[in-house]
Each structure stands twice: as C-alpha cells, then as structure tokens.
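Architecture at a glance
Below, each chain spelled out in residue letters.
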Amino acid sequence: MPIRFRWTSKEYIPIALMLFGACGIFQVLFIFLAQYVLGVGNYLVVILIPIVTTIALFFGVVIIFESFVQVEKRAKLRSQFQKSRLELSNFRKILYFPIIRPIIIVFPVFTIIFISTYGISMIFLDKVISFLISENLAVIISLLIANLIEKKYAKIHRY
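Residues numbered from 1 in each chain as written. Predicted model: local features only at pLDDT ≥ 70, side-chain atom pairs only at ≥ 80, totals over all residues. Heavy atoms only, no water.

What to know about the overall build of the protein chain
Note the threshold: A run of DSSP states H or I qualifies as a helix once it reaches four residues; a run of E qualifies as a strand once it reaches two. Both are numbered from the N-terminal end. Only protein chains enter the calculation, and the probe is 1.4 Å; a residue is then buried if its accessible area is under 20% of its type maximum, exposed if over 50%, and partly exposed in between. We call two residues in contact when some of their heavy atoms are within 4.5 Å. Calculation of accessible area relied on Shrake-Rupley with a 1.4 Å probe; when residues are assessed, cover is drawn exclusively from the protein chains displayed.
A count of helical and extended segments in the protein chain gives five helices and zero strands. Written out in order from the N terminus, the α and β elements of the protein chain read α-α-α-α-α. A burial count over the protein chain gives 39% of its 159 residues as buried. For the protein chain, contacts bridging at least 24 residues in sequence account for 77% of all contacts bridging at least 6. On the protein chain, roughly 10400 Å² of surface is accessible, and the fraction owed to carbon and sulfur atoms is 71%.

Listed below in structure tokens is the structure:
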C-alpha cells in the first residue's frame, strides 16, 4: 500500500515548497533561454507555458519523491534488526538525499528532451511553435518517466 502524504500538513509543506521552488527556478532558466538565446518573442508563450510546465514538473518530482520514500521505508522496516551499514561519503549523502534525487532525475530528462525536440522542430517550424511543442513534449515525457519509476521501482499501484 502506498504512503499517502498530506502535502498541506505542517510536516510536508516545506518539502513541497522546496520542490516547487526548484521547479520554478528551473523554468525561469528556460524562460531566459527562450527569450534571449532562442529568440522566442511571444511573451504569452514564454510566460504562460512555463507556468503550467512548472506545475507539471512539480507533480512529476512529487511522484518520484513519494516512490523513493516508499522504498526507503520498506527497506528500513526489513532491515531494522540487521547490523548497521558503513557510512556514506558526503557526496553520496547529498546525492541520495530524498529531495535532491527526484530533481536530479527529472531536470536532465526534461532538458535533453527539450533540446532535442526544439532542434528537430526548428527545421520545420518557426521559433514560437517549436518552443511550444518542445516544452509540452518534454514535460509529458518527464511525467511518463516519473510514472514509470513509480510503477517499476517502488511498485506502487494507485487506484
């Protein structure tokens, strides 16, 4: 049975705000990239699409966060009577921190899909339409990968 987080409770709202802020800062970088580097001149497209993308990326990061917490809780319950493990290095502690790991998974996937889709669609379409297609396709694939991680890694079955 999956762990249900009440994200509005006082325990989890700081985590949710940190994840949402990280997704927002990531999309601000894409707004800057679209406006100044890629030359997309339509302000409505450059502002509105990344807002919705921020919400979708936040949802994907939350899905991965919940699945990692589920696996860690399951492992802790199984190994509570075993001997303690060796200490991890500082880099591994940062890398395996539950808030960092979903961000490390979702952001590179989004960036790679965005750049490749934008490059391909730039051949056939103009800048604004290419930005729209690449941003939407990248967020859809990121959500699909988050769902795949939830299904295969954490083995969570939602109703």
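Some details on the side chain of Gln35
Structurally, the position occupied by Gln35 is in helix α1 (residues 13-37). Leave out the neighbours within four places in its chain, and Gln35 touches Val40, Tyr43 and Val46.

A word on helix α4 (residues 100-124)
Basically, it comes down to this: Here a helix's expected span is defined as the number of its residues, less one, multiplied by 1.5 Å.
Its 25 residues give α4 an end-to-end C-alpha distance of 37 Å, which sits within 8% of 36 Å, the value for a rise of 1.5 Å per residue. Among all positions of α4, only Arg101, Pro102, Ile103, Val106, Phe107, Phe110, Ile113, Phe114, Thr117, Tyr118 and Ser121 are buried. Here the buried face of α4 lies against α1, α2 (43-78), α3 (90-95) and α5 (127-152).

A closer look at the side chain of Ser130
Convention followed: In the analysis that follows, any N or O atom pair within 3.5 Å is treated as a polar contact, provided that within protein one partner can donate a hydrogen and the other can accept it, and provided that, for residues neighboring in sequence, both atoms belong to side chains.
Mapped onto the secondary structure, Ser130 falls in helix α5. Taking the relative accessible area as the measure of exposure, Ser130 reaches 0% and is therefore buried. At a separation of 3.2 Å, a polar atom in the side chain of Ser130 contacts the main-chain carbonyl oxygen of Ser121. In this view, Ser130 contacts Tyr118, Ser121, Met122 and Leu125; residues no more than four positions away in its chain are not counted.

Description of the nonpolar core
The line we're drawing: Residues enter a nonpolar core if they are buried and are Ala, Val, Leu, Ile, Met, Phe, Trp, Tyr or Cys, with the set joined through side-chain atoms within 4.5 Å.
In this structure, Leu19, Val40, Leu57, Phe110, Phe114 and Phe131 are the most contacted members of the largest nonpolar core, which totals 36 residues. At the level of secondary structure, the elements contributing two or more residues to this core comprise α1, α2, α4 and α5. Sorting elements by how many residues they give to this core places α2 first, with 13 residues. Beyond its immediate chain neighbours, meaning those up to four positions away, Leu19 contacts Phe58, Val61, Val62, Phe65, Ile99 and Ile103.

Here's the deal with a nonpolar patch on the surface
We count it as follows: Without a salt bridge and with relative accessible area above 30%, a residue can belong to a patch; like charges are then joined within 9 Å and nonpolar side chains (Val, Leu, Ile, Met, Phe, Trp, Tyr) within 5 Å. Just to be clear on terms, a salt bridge is a Lys or Arg side-chain nitrogen sitting within 4 Å of an Asp or Glu carboxyl oxygen.
A cluster of nonpolar side chains, namely Phe20, Tyr43, Leu44, Ile47, Leu48, Ile51, Val52 and Ile55, defines an oily patch on the protein surface of about 820 Å² accessible area. Top contributing element to the nonpolar patch by residue count: α2, with seven residues. With respect to the helices and strands, Phe20 occurs in helix α1.

Comments concerning the packing of α2 against α5
Our working rule: Orientation is described by axes fitted as lines to C-alpha atoms, over the contacting stretch for helices, and by angles from 0 to 180 degrees between their N-to-C directions. Note that the term roughly parallel is reserved for angles under 35 degrees, roughly antiparallel for angles over 145, roughly perpendicular for angles of 65 to 115, and oblique for everything else. Side-chain classes are defined by residue name, with Ala, Val, Leu, Ile, Met, Phe, Trp, Tyr, Cys and Pro counting as nonpolar, Asp, Glu, Lys and Arg as charged, and the others, Gly among them, as polar.
Closest axis-to-axis distance for the α2/α5 pair is 8 Å, and the angle between their directions is 10°. For the element pair α2 / α5, the angle class is roughly parallel. Facing Val45, Val46, Ile49, Pro50, Thr53, Ala56, Leu57, Phe59, Gly60, Ile63, Ile64 and Ser67 of α2, the residues of α5 in contact are Val128, Phe131, Leu132, Glu135, Asn136, Val139, Ser142, Leu143, Ala146, Ile149 and Glu150. Grouping the constituent residues of the contact of α2 with α5 by class yields 16 nonpolar, five polar and two charged.

What about the environment of Ala56?
Counting through the fold element by element, Ala56 comes out in helix α2. Distance in space between the C-alpha atoms of Ala56 and Ile140 is 8.4 Å, their sequence separation being 84 residues.

Focus on the confidence of the model for the protein chain
Low-pLDDT stretches of the model should not have their predicted coordinates read in fine detail. Rules: Per-residue confidence from the predictor is reported as pLDDT, a score between 0 and 100.
When pLDDT is averaged along the protein chain, the result is 82; 86% of the residues meet or exceed 70. Of all the helices and strands in the protein chain, α3 carries the lowest mean pLDDT, 74, while α4 carries the highest, 91.

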